[in-house]
Amino acid sequence: AQRDLDLWADLINATGKAIMIENCHWGETVPTEDWCPWNFYRTSGDVRASYESILSNLATVTEFAEAGLSKPGCWAYPDMLEVGCQHGPGGASDPGLTMEETRTHFGAWSIVSSPLTLSHDVNNDTVMDQIWDYIANPEAIAVNQAWAGHSGSPFSTSGAIQVRSFKDADGKAQTVKTADSQYLYKPMKEDGSQIAVLLMNQMDSDSQDLTVNFSDIPGLSCTTCAVRCIWGRKVRLDEAWRSFVCSSLPCPASPRPRFRPTPHPAATGPPIPGPWHLHRLVHFRKRKRARRCLPHDLERRAGLTKCKSAFSTRCRKVLQLRGGG
């Protein structure tokens, strides 16, 4: 009865309450095209606070994205986020993440439409300060929340194959194979006019130049594109012709450009959007007391507990952001 998900869904839905159902069968029970009596489902074993474990879990969502089985109401979920979890209960299995690994981790979960379940100590001010710019980046969250027909997946890998080792939740040795680089994409508009891309340098220690050719990005409708950096929240290039290069990218690191057509100089349409603003909330860096409160409109979309006011000292119940839309 514990694994009878139809039964549990019927019982929970019969309450008339809006309750989110997670299928936590570690990838053993998965949806079909016409069967998914839950809201999101695990595709992997338990993630650990190690970069190798994160790469291993990330790879498990690809087959479901490519089969169209990760979608609104039925999201593929490679387990909770390990951002800010420097030393978890796994001891040596949880060495923690560097800040570059943290950014890559959050960016990867965002671009594959995973539910963004935070698991760090939200009462630890030091950790919150370190990761806040990542977990509260409105453009990264907008990528996660978007739905334009595909949940996000890899479209290119290159370089030598590495075999990385790590310990799983049971302390058993595991391995994951990774290429020197991996590119993931997610459409933001159904017409292909805006696509988010995550470029991942997966080499052990070396920096490298990462080049993405626009013709390789599935569904991208432009050859001359404007490129916007999601992490930096600024336009990198007003016009890029056929390709974009990230130079001397350290390992591991992951720029998050967003591509859209460059308007013709004579066009009368809207300009390229400027930086996102957080619902007129005071700037994080200018008003320190307000920086941990998400904007109210974002909270309503993500199902978070609201701050009592724009100047509350803390939003402590920032526990989960829904994947996709």
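Note that the structure is a prediction, hence the values are computed from the model and not measured.

**Description of the packing of aromatic side chains**
By the definition in use, this model includes 8 aromatic pairs. On the numbers, 5.0 Å between centres and 85° between planes, the contact of F40 with Y77 is edge-to-face. In this pair, F40 is assigned in strand β2 (residues 40–42) and Y77 in strand β3 (residues 75–77), connecting sequence segments 37 residues apart. Ring-pair connections join several aromatic residues into one group, and the members of that group are W35, W38, Y41 and F64.

**Quick word on unusual backbone geometry**
A positive phi angle, near 55°, is found at W26, a position not held by glycine. Taking the relative accessible area as the measure of exposure, W26 reaches 41% and is therefore partly exposed. Backbone geometry places D79, a non-glycine residue, at a positive phi of 90°. By the secondary structure assignment, D79 is in the loop between β3 and α4 (99–111). Look at D79 and you get buried, because its relative accessible area is 5%.

**Observations concerning the side chain of Q162**
Tracing the backbone shows Q162 in strand β6 (residues 162–167). Among the residues examined, Q162 registers a relative accessible area of 11% and is labelled buried. Polar contacts involving the side chain of Q162 include one to the main-chain carbonyl oxygen of Q202, which spans 2.9 Å. Residues in contact with Q162, not counting those within four places in the same chain, are V176, K177, T178, A179, D180, Q202, M203 and D204.

**Points about the state of the cysteines**
Taken as a whole, this structure holds 2 disulfides when the rule is applied. There is a disulfide in this structure between C36 and C74, and the S-S distance comes to 2.1 Å. What sets the handedness of the C36 and C74 disulfide is the S-S torsion sign, and at about 95° it is right-handed. With C36 in the loop between β1 (22–23) and β2 and C74 in the loop between α3 (62–66) and β3, the pair connects residues that are 38 residues apart, well separated along the chain. For C36, a relative accessible area of 24% translates into the label partly exposed. On the basis of relative accessible area, C74 is assigned to the buried category, the value being 4%. Across a sulfur-sulfur distance of 2.0 Å, C222 and C225 are joined as a disulfide pair.

**Section: the environment of E139**
With respect to the element layout, E139 can be found in helix α6 (residues 138–145). Distance from E139 to I230, taken between C-alpha atoms, is 5.9 Å for residues 91 residues apart in sequence.

**Focus: the pattern of salt bridges**
Per the counting criterion, the structure on display carries 7 salt bridges. With its nearest N and O atoms 3.3 Å apart, the salt bridge here joins R3 to E28. Taken together, the positions of R3 in the segment before α1 (5–13) and E28 in the loop between β1 and β2 put the pair 25 residues apart, joining distant regions of the chain. R3 gets classed as partly exposed once you look at its relative accessible area, which sits at 45%. One continuous salt-bridge network, built from bridges that share partners, spans R42, D46 and D79.

Rules of the game
Residues numbered from 1 in each chain as written. Predicted model: local features only at pLDDT ≥ 70, side-chain atom pairs only at ≥ 80, totals over all residues. Heavy atoms only, no water. Phe/Tyr/Trp six-rings, centres within 6.5 Å; stacked < 30°, edge-to-face > 60°. Helix = DSSP H or I, 4+ residues; strand = E, 2+ residues; numbered from the N terminus. Buried < 20%, exposed > 50% of the residue type's maximum accessible area, 1.4 Å probe, protein only. Polar contact = N/O pair within 3.5 Å; in protein donor to acceptor, adjacent residues only side chain to side chain. Contact = heavy atoms within 4.5 Å. Disulfide = S-S within 2.5 Å. Salt bridge = Lys/Arg side-chain N within 4 Å of Asp/Glu carboxyl O.

So far we have only geometry, and geometry alone does not tell us how the molecule works.
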